[in-house]
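# Chain and residue survey
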Amino acid sequence: MPHLGLVTVVVRDYDEAIAHYTRDLGFELREDTPLGGGKRWVVVAPPGSRETGLLLARAAGPAQEDRVGDQTGGRVGFFLHTGDFDRDHERMRAAGVVFEEAPRREPYGTVAVFRDLYGNRWDLIQPDEPL
């Protein structure tokens, strides 16, 4: 069965993005391979995620630079699932992650919107039913 392998996030700088996603969000660095000409193949993923990761792609040129932090036109574009909302919410806040709101209950679980280093909007979600 097909599965989603990678989702690209356009970033300003590889190293600052790796530091943010690994230190602040708790992701693992899965791959960092030089491709020549200053380009790199950089993949990060939440611990335990076997199939899907983020490809961190450094912006190349003005059009891509304009999209850094606003890849979805201001909508929440990424959904980080957790089995322990309180633990991960507190760890992320302590690491300086900016949450736009207090945690709230929805019919599908507990959720709060946060922004990554670049301003992309994410949901931290603890679903009521495990996926």
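Residues numbered from 1 in each chain as written. Predicted model: local features only at pLDDT ≥ 70, side-chain atom pairs only at ≥ 80, totals over all residues. Heavy atoms only, no water.

### Brief notes about the sheet that holds strand E2 (residues 28-36)
Whenever strands of a sheet pair, they do so through backbone hydrogen bonds, lying parallel or antiparallel. The strand order across the open sheet built from 4 strands is E1-E4-E3-E2, with neighbouring strands paired in mixed fashion. Only two strands of the sheet have a single neighbouring strand rather than two, namely strand E1 (6-11) and E2. Strand-to-strand twist across the sheet, computed as the mean angle between neighbouring axes with direction ignored, equals 25°. Relative to strand E4 (residues 53-58), E1 runs parallel, the two sharing 6 bridges. Within E4, the residue paired with Val 11 across the bridge is Arg 58. This element, helix H1 (residues 14-24), spans E1, E2, strand E3 (39-45) and E4 of the sheet and lies at about 5° to E3. (Pairing = 2+ DSSP bridges. Helix = DSSP H or I, 4+ residues; strand = E, 2+ residues; numbered from the N terminus. Axes fitted to C-alpha atoms, helices over the stretch in contact; angles between N-to-C directions. Contact = heavy atoms within 4.5 Å.)

### Let's talk about H1
For H1, the complete set of buried residues consists of Tyr 14, Ala 17, Ile 18, His 20, Tyr 21 and Asp 24. A distance of 3.0 Å separates the backbone nitrogen of Asp 15 from a side-chain oxygen at the start of H1, and that oxygen is part of Asp 13. A positive phi of about 80° marks Gly 26, the residue just after H1. (Buried < 20%, exposed > 50% of the residue type's maximum accessible area, 1.4 Å probe, protein only. Polar contact = N/O pair within 3.5 Å; in protein donor to acceptor, adjacent residues only side chain to side chain.)

### A short note on the pattern of salt bridges
Under the criterion given, the structure shown has 14 salt bridges. Between Arg 115 and Glu 100 there is a salt bridge, with its nearest N and O atoms 2.6 Å apart. With Arg 115 in strand E8 (residues 109-115) and Glu 100 in the loop between strand E6 (98-99) and strand E7 (104-106), the pair connects residues that are 15 residues apart, well separated along the chain. Assessed through its relative accessible area of 35%, Glu 100 is described here as partly exposed. Members of the salt-bridge network, linked through shared partners, are Asp 15, Asp 32 and Arg 40. (Salt bridge = Lys/Arg side-chain N within 4 Å of Asp/Glu carboxyl O.)

### Observations concerning the UniProt feature "domain: VOC" (unreviewed entry) in the protein
UniProt tags residues 3-127 as "domain: VOC" (unreviewed entry). As annotated, residues 3-127 comprises 22% helix and 42% strand, and the C-alpha atoms at either end are separated by 20 Å. (UniProt positions renumbered as here; feature names shortened; annotations may be inferred.)

### Looking at the nonpolar core
The biggest cluster of nonpolar side chains holds 26 residues, and the ones touching the most others in it are Tyr 21, Phe 27, Leu 54, Leu 56, Phe 114 and Trp 122. Of all the elements in the fold, those that place two or more residues in this core are E1, H1, E3, E4, strand E5 (76-81), helix H3 (85-94), E8 and strand E9 (121-127). Examining the composition of this core, we find that 4 residues originate from one element, H1, more than from any other. Taken together, domain 1 (1-68) and domain 2 (69-130) each give at least three residues to this core, which thus spans both. Every residue in contact with Phe 27, bar those within four places of it in the chain, is listed here: Tyr 21, Thr 22, Val 44, Ala 45, Pro 46, Pro 47, Leu 54, Leu 80 and Trp 122. (Core = buried A, V, L, I, M, F, W, Y, C linked by side-chain atoms within 4.5 Å. Domains from an automatic or database assignment.)

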